[in-house]
There are 2 protein chains.
Amino acid sequence: MTQSSGPAVRQPALLARIRAAQPGLSRSFRELARVVLERPEAVTRMRLATFSDAAQVSQPTAIRFCRHFDCEGFPGFKIGVAQAMMIGLPYVHSEIGPADDLSAMAGKIFGAAADTLRTIRDSLDLAAIERAVTAIAQARRIELFGSGLSSVAAIDANQKFMRLGVPTVLHLDSHLQRMAAVTLTAADVAIGFSYTGQIRDVVRTAELARESGATVIVVTRSRSALTRAADIVIPVDTREDTFIYAPMTTRLAHLAVIDLLSTAVALRAGPKGAMMIQRVKTAVRDEWLAHEDASDDASGVGQG
Amino acid sequence: MTQSSGPAVRQPALLARIRAAQPGLSRSFRELARVVLERPEAVTRMRLATFSDAAQVSQPTAIRFCRHFDCEGFPGFKIGVAQAMMIGLPYVHSEIGPADDLSAMAGKIFGAAADTLRTIRDSLDLAAIERAVTAIAQARRIELFGSGLSSVAAIDANQKFMRLGVPTVLHLDSHLQRMAAVTLTAADVAIGFSYTGQIRDVVRTAELARESGATVIVVTRSRSALTRAADIVIPVDTREDTFIYAPMTTRLAHLAVIDLLSTAVALRAGPKGAMMIQRVKTAVRDEWLAHEDASDDASGVGQG
DNA sequence: CGTCGAAATGTAGAAATTCTACATATCGTT
DNA sequence: AACGATATGTAGAATTTCTACATTTCGACG
C-alpha cells in the first residue's frame, strides 16, 4: 500500500470507542488504551516507539492496537485521536458523578454541547427549514408555543422574530396557548417547541392550530407525537445514550435552530430585514451604559 | 530531534490562519494553501509526496510550508489540519450574507456555536464557579435577573434551580427585579445575566442587591460595568471578531454555564439533590403522552 | 497434570516516509 | 547587468513505521 486509500472513514468517536471497548481488551491493549485515554494530547505528539514504551508494550502490538480500532496505522491513529479530542464529547462520554471535580464537569458539559451542535448541523433537514423560512416570512401572524423547559425556546424565538418585525404572539400559559391556537387562520403560522415531542399540552396546541388551518411548524424529536400534528417538522435528535446531557444539549440545539431560522428569515427579507434589525439595535442601545467596548454594538441580531 | 518536543502548541485555528495568510504567500505556498483549504480532509490522508505533487511543488517546499505555520513537520501539520477541520468554524470564519444558501448558514451558525463553547470551556474561571456553587447551595433565597435577550438565561436558570429545590425568585419586569433586590438579605444570593454587561437595568439591580447585603453573582463579559457591581464574576467572553454570531453564541454559552452551575449544585447536594431531581422528573412525566422512546425519561435535569 | 492449539506478544530487520544539505533558480534593487 | 536575498528543486541521509517470523501465554481437553 503506497498510497493511503481504503475506506479511511475518520473516526470522530475514536476515544469513546476505545473507552467503551476497554473492559474486554487484552492486557497489552488495555495498557495502550489507558495511555491514550489518560493523555490523548500527548499521544498525538508521540512516535510509535514512545507510545509503545509508555504502555510497556512492543511496537507491533501498538500498531495492532491502532488497526484494531480501524485506523490505517499509527500516524492515522494519531490523527483520529487528535480529531476525537477536538470534538470533545464522545470521549467524555461517561456520565457526570459526584467524583467529578468542577473541571471535569465543565469539560463534559461543554464538550457534550459542542459535539451535539456539530452532530445536529450535519443532520439538519434543510428542506424542512427552507419551507419553514418561507412560511414564516409570509405569515400574517405567528404563534409560538412550548411548555416546561421548552418554553425557553419559545421565548427566545419570540424575541428573535419580534426584532425582525415578524408579528409574533407568545403565551406562556398552556391554556392561553390553546385559546390563541383556535383563533389562527390559514394565513398564520404556529411554531411549537418540545424537546421530547411527547408533552401533551404542546401536542394539543399544535392540533388545534392545525384544525384552524394554520401552518404548524414544530422543532422536536423525530417521529414523536408532536410531529404527527405538524405540517413542517424540523427534527432535532440528540444522542440518546447520554442521559444527563440530553436535555441540556437539546435545548442548545433548539436555540441554534432558532438562530438559523431567524437569520434566514432576516436575509430573505433583504434590505428591509436588515433595516429592521438596525432599528431594533438602536433602540436597545439606549438602555446601555457608556461602554468601553465598541464590539458590543456590532451585533446583527440583538443583545441583552 | 529524535523526540518530538518543542512548544508544540496545537493550532485549532490552523485553517483559518492559512486562509488569512493566503494573499501574502509566494506562488508555491499559495498553491499548497489552495490544496489544503480545498480538500483538508484529503490532506490528512496524504503523504508528503502526494501533497507536494497536488500543488506541483517539491517536497521540501511542502515541509517549509508546514513549518511556516508552526507545525513540527508534515505529520504534525496533518494533525493540525485534522483538528482545525473538526472544530469547523474558525475556518469558515466569514460572516453570513445574502449569498449564503441555507446549508452554508447552518454550517456557520452551528459551527460558530460549537467553537465558542469549546473556547469558553477552556477559559472558564473555575474558581469563581466554585464560589458561586457554594453560595447558591447555601442561599436562603435566590433572585434571578436579566433584561432583554438575557432574560432567557434568567428564565432558564430559574427552571433549572427550581427543579433542584433551590428557592428562586424570578421577575421579568425590571421594576420588579429592583424591588425584589432591595428586599434581599445577607443570607440571599442574586444572580444576574447580561451578554454585554452594559445594560443599565441589570447593573442597577445588581447594585441594589449588593447594597442589601446579598451575594451578587453575575454571568457576563469580563471587565464590563456589571462586573463592578458583583461579588462573584463568572466571565463569559466570546470572540468579538464575529459580529453576527456573537450574541447567538454568547447566549448558548450562558446557558451552558447555567447547566454547569446547576449540575454542580445538584451534586453538591448529594443524595438529597438526586432525590429532588427524581421527584421533579416523575412530576413532569405525568404530562407526557404514551411515549415509544424510553430514553426521554432518563434525563437528570428535566425536560420539556 | 500435561499436551495441544489458538491467541497474544515480542524480535529483528525490511520498507516506506520524512527530512536535510546543498545546488539552482527567481525576483527585486541598484 | 550584477548583486543579494528569497524561493525552490535535487538527491540522498535519517527517522519512523511496518512486516515476517519466532516465542510466549493461556485455556481446553484428554
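Just so it is clear, the structure is predicted and the values come from calculations on it, not from any experiment.

**Re the overall build of chain A**
Here is step 1: Of regular secondary structure, chain A possesses 14 helices and five strands.
Here is step 2: For chain A, with 304 residues in total, the buried portion stands at 55%.
Here is step 3: Put simply, 65% of the contacts in chain A that link residues at least 6 apart link residues at least 24 apart.

**Quick look at the protein's contact with DNA strand D**
Here is step 1: Taken together, 20 residues are adjacent to DNA strand D, and Leu 48, Gly 73 and Phe 74 of chain A together with Ser 28 and Ser 58 of chain B come closest.
Here is step 2: Taken together, the elements giving at least two residues each to the surface near DNA strand D come down to α4 (48-54), α5 (59-68) and α6 (74-87) of chain A together with α2 (27-38) and α5 (59-68) of chain B.
Here is step 3: Within the surface near DNA strand D, the residues separate by chemical class into nine nonpolar, eight polar and three charged.

**Looking at the sheet that holds strand β5 (residues 232-235) of chain B**
Residue and element names in this part refer to chain B.
Here is step 1: With parallel pairing, five strands are arranged side by side in an open sheet as β2-β1-β3-β4-β5. Sheet topology places β2 (168-170) and β5 at the edges, where each strand pairs with a single neighbour. Each strand axis lies, on average, 20° off the axis of its neighbour in the sheet, ignoring direction.
Here is step 2: In this structure, strand β1 (residues 142-146) lies alongside β2, joined through three bridges in parallel fashion.

**A short note on the packing of helix α9 (residues 126-138) of chain A against helix α8 (residues 102-123) of chain B**
Here is step 1: Where α9 of chain A contacts α8 of chain B, the axes come no closer than 10 Å and their chain directions differ by 100°. Compared by their axis directions, α9 of chain A and α8 of chain B come out roughly perpendicular. Here α9 of chain A contributes Leu 126, Ile 129 and Glu 130 of chain A to the contact with α8 of chain B, which in turn contributes Leu 102, Ser 103 and Ala 106 of chain B.
Here is step 2: Taken together, the residues of the contact of α9 of chain A with α8 of chain B break down into four nonpolar, one polar and one charged.

**Examining the confidence of the model for chain A**
Here is step 1: Looking at chain A as a whole, the pLDDT averages 81, with 78% of positions reaching at least 70.
Here is step 2: This model gives residues 290-304 of chain A a pLDDT under 50, and the stretch forms 43 contacts once residues within four places in sequence are excluded.

**What to know about the pairing of strand β4 (residues 215-220) of chain B**
Residue and element names in this part refer to chain B.
Here is step 1: Across the six residues that make up β4, a large majority, six, are buried.
Here is step 2: One ladder, built from five bridges, connects strand β3 (residues 189-193) with β4; its direction is parallel. Of the residues in β4, the one forming a bridge with Gly 192 is Val 218.
Here is step 3: Handedness of the crossover is the feature at issue here: the chain leaves β3, passes through helix α12 (residues 200-211), returns alongside β4, and the resulting connection is right-handed.

**Some details on the nonpolar core**
Here is step 1: Ranked by size, the top nonpolar core spans 136 residues in total, and within it Ala 256 of chain A together with Ala 256 of chain B carry the most contacts.
Here is step 2: Beyond its immediate stretch of four places on either side in the chain, Ala 256 of chain B contacts Ile 109, Phe 110, Ala 113 and Leu 252 of chain A together with Leu 117 of chain B.
Here is step 3: Listed in part, the 48 residues of the second largest apolar core include Ile 18 and Ala 62 of chain A together with Leu 32 and Phe 65 of chain B.

**Structural notes on the pairing of strand β3 (residues 189-193) of chain A**
In regular strands, side chains alternate between the two faces of the sheet.
Residue and element names in this part refer to chain A.
Here is step 1: Counted residue by residue, β3 has five buried out of five residues, so it is predominantly covered.
Here is step 2: In β3, alternate side chains face the same way, and those of Val 189, Ile 191 and Phe 193 on one face and Ala 190 and Gly 192 on the other are all buried.
Here is step 3: Summarising the sheet, strand β1 (residues 142-146) and β3 pair through five bridges and their orientation is parallel. Looking at the pairing, Gly 146 lines up with Phe 193 of β3.

**Digging into α9 of chain A**
Residue and element names in this part refer to chain A.
Here is step 1: The end-to-end C-alpha distance of α9, which contains 13 residues, comes to 18 Å, matching closely the 18 Å that a straight helix rising 1.5 Å per residue would cover.
Here is step 2: Taken as a whole, α9 has its buried residues at Ile 129, Ala 132, Val 133, Ala 135 and Ile 136. Projected down its long axis, α9 carries its buried residues within an arc of 165°, all on one side. The exposed residues of α9 that point more than 90 degrees off its buried face are Ala 127 and Gln 138.

**Here's the deal with the sheet that holds β1 of chain A**
Residue and element names in this part refer to chain A.
Here is step 1: Reading across from one edge, β2-β1-β3-β4-β5 is the order of the five strands in this open sheet, with parallel pairing throughout. In this open sheet, the two edge strands, each paired with only one partner strand, are β2 (168-170) and β5 (232-235). Geometrically, the sheet is characterised by an average inter-axis angle of 20° between neighbouring strands, direction not taken into account.
Here is step 2: Against the sheet, helix α10 (residues 150-163) contacts β1, β2 and β3, and its axis sits at roughly 155° relative to β1.

**With respect to unusual backbone geometry**
Here is step 1: In this structure, Gln 56 of chain A is a non-glycine residue whose phi angle is positive, near 50°.
Here is step 2: Here Gln 56 of chain A is to be found in the loop between α4 and α5.
Here is step 3: Assessed through the 10 C-beta atoms surrounding it within 10 Å, Gln 56 of chain A is described here as exposed.
Here is step 4: Even without a glycine there, the phi angle at Arg 223 of chain B is positive, about 55°.
Here is step 5: Relative to the helices and strands, Arg 223 of chain B resides in the loop between β4 and β5.

**Describing the environment of Ser 147 of chain B**
Here is step 1: Along the polypeptide, Ser 147 of chain B turns up in the loop between β1 and α10 (151-163).
Here is step 2: Ser 147 of chain B gets classed as buried once you count the C-beta atoms within 10 Å, which come to 24.

**Considering helix α8 (residues 102-123) of chain A**
Here is step 1: A rise of 1.5 Å per residue sets the reference length of α8 of chain A, with its 22 residues, at 32 Å; its end C-alpha atoms lie 31 Å apart and thus fit the reference within 8%.
Here is step 2: Within α8 of chain A, 17 of the 22 residues are buried, leaving the element largely enclosed by the surrounding structure.

**Some details on the environment of Gly 192 of chain A**
Residues and elements named next belong to chain A.
Here is step 1: With respect to the secondary-structure elements, Gly 192 resides in strand β3.
Here is step 2: According to the C-beta neighbour criterion, Gly 192 is buried, with 30 such atoms within 10 Å.
Here is step 3: The spatial distance from the C-alpha of Gly 192 to the C-alpha of Val 203 is 8.5 Å, given a sequence separation of eleven residues.
Here is step 4: If we skip the residues at most four places from it in the chain, Gly 192 touches Phe 145, Gly 146, Val 202, Thr 205, Ala 206, Val 216, Val 218 and Leu 226.

**Looking at the packing of helix α1 (residues 14-21) of chain B against α2 of chain B**
All names here are of chain B.
Here is step 1: Relative orientation of the contacting elements α1 and α2 amounts to 140°, with a least axis distance of 10 Å. The angle between α1 and α2 places the two elements in the oblique class. Crossing angle aside, the handedness with which α1 passes α2 is left-handed. Across the interface between the two elements, Leu 15, Ile 18 and Arg 19 of α1 pack against Ala 33, Val 36 and Leu 37 of α2.
Here is step 2: Looking at side-chain class alone, the contact of α1 with α2 contains five nonpolar, no polar and one charged residues.

Rules and cut-offs
Residues numbered from 1 in each chain as written. Chains lettered and ligands numbered in written order. Predicted model: local features only at pLDDT ≥ 70, side-chain atom pairs only at ≥ 80, totals over all residues. Helix = DSSP H or I, 4+ residues; strand = E, 2+ residues; numbered from the N terminus. Buried ≥ 20, exposed ≤ 12 C-beta atoms within 10 Å, placed from the backbone. Contact = placed C-beta atoms within 7 Å. Near = placed C-beta within 6 Å. Nonpolar A, V, L, I, M, F, W, Y, C, P; charged D, E, K, R; others polar. Pairing = 2+ DSSP bridges. Axes fitted to C-alpha atoms, helices over the stretch in contact; angles between N-to-C directions. Parallel < 35°, antiparallel > 145°, perpendicular 65-115°, else oblique. pLDDT = per-residue confidence, 0-100. Right-handed = clockwise from strand over helix to strand, strands pointing away. Core = buried A, V, L, I, M, F, W, Y, C linked by C-beta atoms within 7 Å. Expected span 1.5 Å × (residues − 1). Arc of directions from axis to C-beta. Left-handed = near helix turned anticlockwise from the far one by under 90°.

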